[in-house]
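# Breakdown of the fold
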Amino acid sequence: MNPHTDKPTTLLSLTATAWNNRQLIYQMVKRDIIGRYRGSFMGIFWSVINPIFMLAVYTLVFSVVFKARWGAGAVTSSKTDFAVILFVGLIMHTLFAETLTRAPTLVLANVNYVKKVIFPLEILSIVSLGGVLFHSMISMLVLITAFFVFNGYLHWTLIFTPLVMLPLVLLTLGLSWFLASLGVFVRDVGQTITILMTIAMFLSPVFYPISSLPENIRPLILLNPLTFIIEQARAVLIWGQYPDFAGLAWYSLVALVIMWLGYAWFQKTRKGFADVL
């Protein structure tokens, strides 16, 4: 196969590629997850231990040491609320940030796939996202368990969590394709993204409610793609409210367009990978 030939860029071709290579994607995601803990005594159990430890630290620091409260408008008043609410925001940010931070080096770390074998390079972003999504799901299970332990109940609205996360997954995948391609030609992208993801964390309501901000700053925070998803995740998990279905629909539409554009960009530019690498 000539690496310089044009590749299909339609959503239909993307769906076909993902389906036809589903076993390969599964095996590579599995290898990515296991590879993180290879050689450690606890192995994959670290994927459960890490979020438990972090949630315990957040609970101790914010609920016991600082005695922090989320705000006067909070629906619940348990002293552990702040840690749980904070953890929701961190899970969403980590899913977004870790995937995009890894994206610029995806192709660079798999040069053999570019030059030596016929390989669907476009699945590298799917594999990377799959590994991060696995750890996000483990963290989410820890969060739900902690909420039940702290409060003695769960909101039935948590069933909407996958619906809330889906637009963020689509958006993240599209941006990952953009960055994976750009990282081949511009090596500084990796360092830039790391800085931007740190900024994105503080410009989204991870550590604070939007209501605590001055009116003139709120529009800036609302422009952050993480803001809406974090707020909706807290609505269904913490406050027991219905998600904003109309907002999620519009967000999903935009995310789908960005995903397609990212995929098309990757497919159009991949024919230059072999020359650069």
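A few points on the structure.

Rules used in this analysis
Residues numbered from 1 in each chain as written. Predicted model: local features only at pLDDT ≥ 70, side-chain atom pairs only at ≥ 80, totals over all residues. Heavy atoms only, no water. Helix = DSSP H or I, 4+ residues; strand = E, 2+ residues; numbered from the N terminus. Buried < 20%, exposed > 50% of the residue type's maximum accessible area, 1.4 Å probe, protein only. Contact = heavy atoms within 4.5 Å. Areas by Shrake-Rupley, 256 points an atom, 1.4 Å probe, with all protein chains shown as cover. Core = buried A, V, L, I, M, F, W, Y, C linked by side-chain atoms within 4.5 Å. Axes fitted to C-alpha atoms, helices over the stretch in contact; angles between N-to-C directions. Left-handed = near helix turned anticlockwise from the far one by under 90°. Nonpolar A, V, L, I, M, F, W, Y, C, P; charged D, E, K, R; others polar. Expected span 1.5 Å × (residues − 1). Phe/Tyr/Trp six-rings, centres within 6.5 Å; stacked < 30°, edge-to-face > 60°.

## Regarding the overall build of the protein
Of the regular secondary structure elements, the protein holds 12 helices and zero strands. In the protein, the succession of helices and strands from N to C terminus is α-α-α-α-α-α-α-α-α-α-α-α. Sorting the 277 residues of the protein into buried and exposed places 49% on the buried side. For the protein, contacts bridging at least 24 residues in sequence account for 81% of all contacts bridging at least 6. Put simply, the protein shows about 14,000 Å² of open surface, and 71% of that area lies on carbon and sulfur atoms.

## Details of the nonpolar core
Core analysis: the largest hydrophobic core is formed by 73 residues, its most contacted members being Met-92, Leu-121, Met-140, Leu-143, Leu-168, Leu-237 and Ile-238. Looking at this core, the element that brings in the most residues is helix α4 (residues 81–102), giving 14 residues.

## Some thoughts on the packing of helix α10 (residues 225–239) against helix α11 (residues 245–269)
As a packed pair, α10 and α11 sit with axes 11 Å apart at the nearest point and diverge in direction by 145 degrees. Note that α10 runs across α11; the crossing there is left-handed. Across the interface between the two elements, Pro-225, Phe-228, Ile-229 and Gln-232 of α10 pack against Gly-247, Leu-248 and Tyr-251 of α11. For the contact of α10 with α11, a count of residues per class yields five nonpolar, two polar and no charged.

## Topic: α4
Taking 1.5 Å as the rise per residue, α4 with 22 residues should run 32 Å; its terminal C-alpha atoms sit 32 Å apart, in good agreement. Across the 22 residues that make up α4, a large majority, 18, are buried.

## Description of the packing of aromatic side chains
Inspection of every chain in the model, using the stated rule, returns 12 aromatic pairs. Pairing Phe-147 with Tyr-153 gives two aromatic rings, centres 5.7 Å apart and planes at 90 degrees, and the pair type is edge-to-face. Here Tyr-153 falls in the partly exposed class, since its relative accessible area comes to 33%. Relative to Phe-273, the ring of Phe-266 has its centre 5.5 Å away and its plane inclined at 70 degrees; by these criteria the two rings are edge-to-face. Each member of the pair, Phe-266 as well as Phe-273, carries the same accessibility label: buried. Here a set of aromatic residues connected by ring pairs shows up, and it is made of Trp-156, Phe-160, Tyr-242 and Phe-245.

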